[in-house]
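Chain residues, written in single-letter form:
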Amino acid sequence: MQKKVYWIEGDGIGPEIWKAARPVIEAALAAENAGIRLEWEELLAGDKAVRETGSPLPESTMQALRGADLAMKGPLGTPVGTGIRSLNVALRQSLDLYACIRPVRYFEGLETPVKHPRRVDMVIFRENTEDVYAGVEFAAGTPEARRLAAFLREELGASVIGDAAAIGIKPMTEAGSKRLVRRALRFALEQKRKSLTLVHKGNIMKFTEGAFRQWGYDVAAQEFGAETCTEKEPVPGRLVIKDRIADAMFQEALLRPEQYDVLATPNLNGDYISDALAAQVGGLGLAPGVNMSDTLAFYEATHGTAPAIAGKDKANPGSVILCGALLLEHLGVPGGARRIRKAVEEAIAGKAVTEDLATQVSGARVVGCAEFGEIIGSRL
């Protein structure tokens with residue numbers, strides 16, 4: 001069977017990590033003799049797309065992705081405070097990639113900032129299309145911001161908003177929240193996880209994040225009631241649904257991570273907590289992720305473009321390599337996924353690692369991006 005995978009190499013270190021990762025993914029699949037062959041087809045986005053087409057996100061790329069079921073990409077640059085809006089966000093919204101799924105686990109051999117990194121084994125389901133990431137905001141002092149501020153004051157009584165304010169809108173819907181939690185619930189039940197935690201700031205944002213919390217409990221009770229229970233009324237053998245206020249969840253992640261299995265979060269909370277958890281187990285260089293719609297699985301490096309080291313053979317290809325493990329699981333080849341994760345762990349144990357990991361491995365020998373990919377591939 002042949003499966004087409006569209007790929008975008010990304011900006012900055014993207015081309016390097018992609019070149020190192022693809023052979024590992026293909027070798028892991030071939031080793032399983034699963035009767036599946038990957039057909040890779042490149043699409044343009046980011047700096048390369050601008051150079052070749054004049055657009056950072058060509059319509060030809062979007063057209064191909066709308067009919068795709070598998071895709072993978074490196075990091076795409078996003079300027080801070082100016083320039084184009086995030087290409088990552090544009091892809092997620094345009095393709096309705098509503099679930100950002102980030103598994104976080106520890107790899108033996110890394111000396112992490114926390115004492116017990118082995119206790120971290122969580123999967124974050126982050127809502128991907130709503131919240132402040134919807135991109136509805138207006139700069140301070142613009143006519144649009146002043147008009148909106150005047151409306152909020154005069155029509156809705158929001159007296160704290162003055163004409164000098166920059167204003168952003170935080171839309172969150174019942175449908176958007178429920179479909180994200182529903183997907184997280186299905187995963188938790190299929191994987192026989194013990195709990196699902198709704199992470200929110202509903203004590204302050206009562207009608208957005210507070211509603212996310214309630215909608216999450218509602219979908220669990222209404223659609224999965226026979227298989228779930230609440231933390232207050234536990235039932236042996238059932239998936240426990242609980243919730244934590246976002247700031248408290250950060251504390252829990254440090255103090256009691258073993259008590260949490262699957263997290264379901266609004267967009268911004270998920271962005272924060274997934275990076276923080278990755279730092280507890282070794283950093284974003286070993287953090288894979290996938291953005292999913294109901295039809296498309298779009299795997300991506302979870303780190304940035306790292307322009308300071310681009311082209312210097314210093315980048316860590318681990319995130320994209322581990323995305324390959326997620327891809328193989330999605331294709332029904334879990335053995336290939338296990339091969340990749342075991343090979344990454346053995347490479348770390350061998351102490352020949354990229355610069356970012358060397359700071360967390362005593363006696364490490366620093367190797368380049370290409371060599372680290374080769375080392376992982378040799379251990380498949």
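Cut-offs applied
Residues numbered from 1 in each chain as written. Predicted model: local features only at pLDDT ≥ 70, side-chain atom pairs only at ≥ 80, totals over all residues. Heavy atoms only, no water. Axes fitted to C-alpha atoms, helices over the stretch in contact; angles between N-to-C directions. Helix = DSSP H or I, 4+ residues; strand = E, 2+ residues; numbered from the N terminus. Parallel < 35°, antiparallel > 145°, perpendicular 65-115°, else oblique. Left-handed = near helix turned anticlockwise from the far one by under 90°. Contact = heavy atoms within 4.5 Å. Nonpolar A, V, L, I, M, F, W, Y, C, P; charged D, E, K, R; others polar. Core = buried A, V, L, I, M, F, W, Y, C linked by side-chain atoms within 4.5 Å. Buried < 20%, exposed > 50% of the residue type's maximum accessible area, 1.4 Å probe, protein only. Salt bridge = Lys/Arg side-chain N within 4 Å of Asp/Glu carboxyl O. Pairing = 2+ DSSP bridges.

**Concerning the packing of helix α8 (residues 246-255) against helix α9 (residues 267-281)**
- Closest axis-to-axis distance for the α8/α9 pair is 11 Å, and the angle between their directions is 15°. In terms of axis orientation, α8 runs roughly parallel to α9. Taken as a pair, α8 and α9 cross one another with a handedness that is right-handed. Of α9, the residues touching α8 (which contributes Ala246, Met249, Phe250, Ala253 and Leu254) are Asn269, Tyr272, Ile273, Ala276, Leu277 and Gln280.
- Looking at the contact of α8 with α9, its residues break down into nine nonpolar, two polar and no charged.

**A look at the nonpolar core**
- By size, the foremost hydrophobic cluster in this structure holds 87 residues, and its most contacted members are Met72, Leu185, Leu196, Leu263, Leu277, Tyr299 and Val344.
- Not counting chain neighbours up to four residues away, the residues in contact with Tyr299 comprise Leu70, Ala71, Met72, Lys73, Gly289, Val290, Cys323, Leu326, Leu327 and His330.
- With 17 residues, the next largest nonpolar core counts Leu43, Leu65, Ala71 and Leu296 among its residues.

**Quick look at the pattern of salt bridges**
- One pass over the full model with this rule turns up 29 salt bridges.
- Measuring nitrogen to oxygen at the nearest pair gives 2.9 Å for the salt bridge that ties Glu108 to Arg118. With Glu108 in the loop between β4 (99-105) and β5 (121-127) and Arg118 in the loop between β4 and β5, the pair connects residues that are 10 residues apart, well separated along the chain.
- Glu108 gets classed as partly exposed once you look at its relative accessible area, which sits at 35%.

**Focus: the sheet that holds strand β12 (residues 288-292)**
- In spatial order, the strands read β2-β1-β3-β13-β12-β4-β5-β11-β8-β10-β9; together these 11 strands make up an open sheet with mixed pairing. Two strands lie at the open edges of the sheet, namely β2 (37-42) and β9 (228-230), each paired on one side alone. Each neighbouring strand pair of the sheet contributes to a mean axis angle of 25°, computed without reference to strand direction.
- Sheet analysis places strand β8 (residues 195-200) next to strand β10 (residues 239-245), joined by six bridges and oriented parallel. Bridging across to β10, Leu198 finds its partner in Asp243.

**A few points about the pairing of β8**
- Burial analysis of β8 places six of its six residues in the buried class, which makes it a mostly covered element.
- Where burial is concerned, the two faces of β8 agree: the one with Ser195, Thr197 and Val199 and the one with Leu196, Leu198 and His200 are both buried.
- Note: β8 against strand β11 (residues 262-265), three bridges, orientation parallel. Within the sheet, the bridge partner assigned to Leu196 lies in β11 and is Val262.

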